[in-house]
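Fold and geometry: a report
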Amino acid sequence: MEQTPKKDGYLSKAVTPILTVLGISVGAWQFTSQMSHESKMEFSRSMYNKKLQAYEQVGKAVGDLLVVPHDEQLWISAGDTLAFDSCLEKFRTCYWGVLPLVEDKNVEVAMIQFKDMARFYRRGENDYHDLAREGMSLMNACNRSLEQHWQKKKKDE
Amino acid sequence: MLVNPIIMLRTSLLLLTISTSVSLFAQAKDPLAELVGQQWSIIGNSAEGTCKAGDAVYTFQAKPAQVVVKECAGGAWKSRTEAITPWSADGKSGIAFGGAKYEVKTLPATAPACKGNGNCVRLVTVPDGKTDATRTLYLAH
């Protein structure tokens, strides 16, 4: 049995708009999902940059504290206490002002421990080596935090 | 008698490894061992017989590993016993009791917080990730 050309015409008239609508819908869906992915990636990238900036500030505050004792002397001297206190204030500003925005549990713990150790060094209870060790642990925690952020981003991509 | 140089080298390396391990093990202090056998009071506790809020006395035992905590509450001493467990992480170690992990450090009498007490230790809680504050206990006997 053969289809008449009239019937073929009706079929193509019915299918064409359906295909057009379907094509437009798929295109729109692709566009929206791509945009959503892009905006997520953009947010993740900006968070990474914010984290990096925050950790740079932390690193500077830690470095400033660690260079106060001249010649890395084991115990704090009376002449260094004023400068040390001033640097500790800067570190505390970092702790309360910058870090809550890009909070990471491990970095937070390392910051608390460094803050405590700075206090203990200031009081003559711990020596410079302990302070430097805590400073190094803190910077390692920052480093790991950035690595994890980067890996998570790559996984999302 | 001929001695194989390889065997000599191996023997000396083995001896070096053993002696290094022994010396490292000897250096590692057991935090609980520093505390047992004495009654430790918080530096600044009230005079004996009296009691004010914040006063506390700790008596550590090795076997079973536990601590008897005597605290002043409402003008009277109250006692409780807590089990002690050792902990170590990230190159640090200490003891845990009463839901907190502590790092233990012996301090010299010259440390201001020791107020001249020769036998002085500091217990600092390890941050638990819930609060920003850590607790520091200065104890003497």
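Residues numbered from 1 in each chain as written. Chains lettered and ligands numbered in written order. Predicted model: local features only at pLDDT ≥ 70, side-chain atom pairs only at ≥ 80, totals over all residues.

Attention shifts here to the domain arrangement of chain A. In terms of domain boundaries, chain A breaks down into domain 1 (1-33) and domain 2 (52-157). Spacing between the C-alpha centres of domain 1 of chain A and domain 2 of chain A amounts to 65 Å. (Domains from an automatic or database assignment.)

Attention now moves to the packing of helix H2 (residues 81-97) of chain A against helix H3 (residues 105-122) of chain A. All names here are of chain A. Here H2 crosses H3 at 165°, and the two axes come no closer than 11 Å. As far as their axial angle goes, H3 and H2 are roughly antiparallel. Crossing angle aside, the handedness with which H2 passes H3 is left-handed. Within the contact between the two elements, H2 uses Thr-81, Phe-84, Leu-88, Phe-91, Arg-92 and Tyr-95 and H3 uses Met-111, Lys-115, Ala-118 and Arg-122. Looking at side-chain class alone, the contact of H2 with H3 contains six nonpolar, one polar and three charged residues. (Axes fitted to C-alpha atoms, helices over the stretch in contact; angles between N-to-C directions. Helix = DSSP H or I, 4+ residues; strand = E, 2+ residues; numbered from the N terminus. Parallel < 35°, antiparallel > 145°, perpendicular 65-115°, else oblique. Left-handed = near helix turned anticlockwise from the far one by under 90°. Contact = placed C-beta atoms within 7 Å. Nonpolar A, V, L, I, M, F, W, Y, C, P; charged D, E, K, R; others polar.)

Attention now moves to the pairing of strand S3 (residues 66-73) of chain B. All names here are of chain B. The sheet contact formed by strand S2 (residues 56-61) and S3 spans six bridges and is antiparallel. Counted as the bridge partner of Phe-60 is Val-67 from S3. As consecutive antiparallel partners, S2 and S3 are separated by four residues. Bridge analysis of S3 against strand S4 (residues 76-83) gives eight bridges, and the strand direction is antiparallel. Paired with Gln-66 across the two strands is Ala-83, which belongs to S4. (Pairing = 2+ DSSP bridges.)

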